[in-house]
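Letter by letter, the chains look like this.
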Amino acid sequence: MTELEQNQMDNENVSMEAAMESVQEVKVGDIVRGEVLALEDKQVIIGIEGAGVEGVVPAKELSTLPVEDISEEVKVGDVLDLVVISSIGKDKENGSYLLSKRRLDAKKVWEDIEKDYEAGKIIEAPVTSSVKGGLVVDVGVRGFVPASMIDDHFVDDFSEYVNKTLAFKIIEIEPSENRLILSHKAVVEAEKAEKKQEVLAGLHEGDVITGKVARLTDFGAFIDLGGIDGLVHVSEISHSHVGKPSDVLSVGEEVDVQVLSVDPDKERISLSIKANLPGPWSGIEEKAATGTVLEGTVKRLTSFGAFVEIFPGVEGLVHISQISHKHIATPHEVLHEGDTVQVKVLEVHPDDHRVALSIKALEEKPEEEKAEPENTSYEMPEESTGFTMGDILGDALNESSDEDSNE
């Protein structure tokens, strides 16, 4: 044998030894790389790189999601990272190892989820189905949302969330048990709390904003301001008397409200609807000009006269001397609270919120009137009426003065 032939033989032996050494031993649990050699019914044939052997990936091990058509998942020539599940024997047809892409993908997903959990990160994922106790979510692995963590209000029908992509907070994670508990409620509550603070920070006394009636109670209406509710007390709904808020407002109705006060610490907002409306005395000098005849309702009776509501929130005084041409000791003799009466406007004082009215001015005066002594003893009202002593005593003072002069 020549020296050249000996050298060639030596080189071939070295190459064969190198090739033998380069063939890696495949063990269960190893992560290997393989090329897709063929697609068969419900399985994929893989050539494991560096091992010189083939492996099989069943359809159910291709993806963390159900696979109906393996050709939609992989193609011949694709190179995949896989984990070795088990050895199926070298004498078995279609490969020596059972491989999985799904389990490797899931392992990576769990690692990412653990990082998100530690960082307190909010994740998004689609809801795939509803079960008796809550929702099933796909985050690459199966996640579960208990019924109590679906939303910030009671949920009766879980199906309305299915096929929707929602944001979730990771509550509990245990990869070894494939346990992943998520909460959408926590995200909703956090968003609302943040929005509430933004609204509170932007509100100031005197601001006029538009809101929606969220709830009605006997004492007022709660108005949704877009993140927080404010209260309109029943006394702030209208300039006229409101018995129940539901008499004049309905849930969902849009209303303009004025901010009366804001308490950021207690998260309380006091609102008013009537403050944003024209007052009952606005334009009264035109609506109740001197000489105008109006219809009103007797609201209160006192010893010195009757208060008659001529417009919502506007009461005028019919002095006892202006009730009848006949002498009466008290208004109760001819009037009752709730009576509807015709009145004539005698005087209007818008700034003082005073209107003097007369009933007898609209009645025909008897041809003969017997002079009768006037009762000049009047009971003063306990509340501020807007009328002066002269307004209350009225003609009685004038007539008494005339009698003194004649004497």
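What comes next concerns the included structure. The shown structure was predicted, so the numbers you read here are calculated from the model rather than taken from an experiment. (Residues numbered from 1 in each chain as written. Predicted model: local features only at pLDDT ≥ 70, side-chain atom pairs only at ≥ 80, totals over all residues. Heavy atoms only, no water.)

1. Focus: the environment of Gly296
Here comes step 1: Considering the arrangement of structural elements, one finds Gly296 in strand S16 (residues 293–302).
Here comes step 2: Look at Gly296 and you get buried, because its relative accessible area is 3%.
Here comes step 3: In sequence terms Gly296 and Val341 are 45 residues apart; their C-alpha atoms lie 5.5 Å from each other.
Here comes step 4: Those residues in contact with Gly296, other than ones at most four positions away along the chain, are Val308, Glu309, Ile310, Asp339, Thr340 and Val341. (Helix = DSSP H or I, 4+ residues; strand = E, 2+ residues; numbered from the N terminus. Buried < 20%, exposed > 50% of the residue type's maximum accessible area, 1.4 Å probe, protein only. Contact = heavy atoms within 4.5 Å.)

2. Re the layout of surface pockets
Here comes step 1: Of the volumes computed, that of the second largest pocket is approximately 350 Å³.
Here comes step 2: Arg102, Ala106, Gly140, Val141 and Arg142 are the residues nearest the centre of the second largest pocket, which is lined by 16 residues in total.
Here comes step 3: Elements supplying a minimum of two residues to the lining of the second largest pocket: helix H2 (102–119) and strand S7 (134–138).
Here comes step 4: Taken together, the residues that form the lining of the second largest pocket break down as seven nonpolar, four polar and five charged. (1 Å grid on protein atoms, 1.4 Å probe; cavity = no way out; pocket = protein on both sides within 12 Å on 5 of 7 lines; lining within 4 Å. Points joined across faces, edges and corners; volume = space filled by probe spheres on them. Nonpolar A, V, L, I, M, F, W, Y, C, P; charged D, E, K, R; others polar.)

3. Digging into the environment of Pro312
Here comes step 1: Position of Pro312 relative to the elements: it lies in the loop between strand S17 (305–311) and strand S18 (314–319).
Here comes step 2: Take Pro312: its relative accessible area is 55%, and that puts it in the exposed class.
Here comes step 3: In the structure, Pro312 is positioned 73 residues away from His239 in sequence and 7.3 Å away in space, judged by C-alpha atoms.
Here comes step 4: Leave out the neighbours within four places in its chain, and Pro312 touches Ser240 and Pro280.

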